[in-house]
Amino acid sequence: EKLASVGSDVSASSADFRPTDQQGEVYGMLRAQLDGLKVQFSQFVAGDLAAFNAKAAKLGLQPLVLFQ
């Protein structure tokens, strides 16, 4: 939500002036956080979730399915 807000602030199509330095810094900070969270999520899906689903399958249970 924060990234979307800053993104709309810095969008060239919605402003008459270039983004401020502070807006650019906040955008960069939030973008870096989001990129880190995407990596963590991918690791979770490949590791813990895959292991959980393997154990669930052995017990005859349905796996957890993520919709992206």
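Position numbers for residues count from 1 along each chain, tracking the sequence in the order it is written. Per-residue local features are limited, in this predicted model, to residues with pLDDT of at least 70; the limit for side-chain atom pairs, both in listing and counting, is 80 or more; totals at the level of whole chains, interfaces and linings are taken over all residues. By convention in this description, side-chain values take in all heavy atoms of the structure and omit both hydrogens and water.

## Some details on helix α2 (residues 21-58)
Under the 1.5 Å per step criterion, the end-to-end length of α2 is 54 Å for 38 residues, consistent within 8% with the ideal 56 Å. The bend at a residue is defined as the angle formed between two axes, one fitted to the seven residues ending at that residue and one fitted to the seven starting there. In this description a helix means any DSSP run of H or I spanning at least four residues, a strand means any run of E spanning at least two, and both kinds are numbered starting from the N terminus. The principal kink in α2, of about 35°, is found at phenylalanine 44. Of all the residues in α2, the buried ones are Leu30, Leu49, Asn53 and Ala56. Where α2 ends, the next residue or the one after it, glycine 60, has phi of about 75°, a positive value. One less than the number of residues in a helix, times 1.5 Å, gives the span that helix is expected to have. Between buried and exposed lies partly exposed: a residue is buried under 20% and exposed over 50% of the maximum accessible area for its type, with that area taken using a 1.4 Å probe on protein chains only.

## Overview of the packing of aromatic side chains
Pairing of aromatic rings covers Phe, Tyr and Trp, the last through its six-membered ring, and needs centres within 6.5 Å; plane angles under 30 degrees mean stacked, over 60 mean edge-to-face, and all others mean tilted. Summed over the entire model, instances satisfying the criterion amount to one aromatic pair. Here the aromatic rings of phenylalanine 41 and phenylalanine 44 are separated by 6.4 Å at their centres, their planes lie at 35°, and the arrangement is tilted. Here the residue phenylalanine 41 and the residue phenylalanine 44 both occupy positions in helix α2, the gap between them amounting to three residues, near one helical turn.

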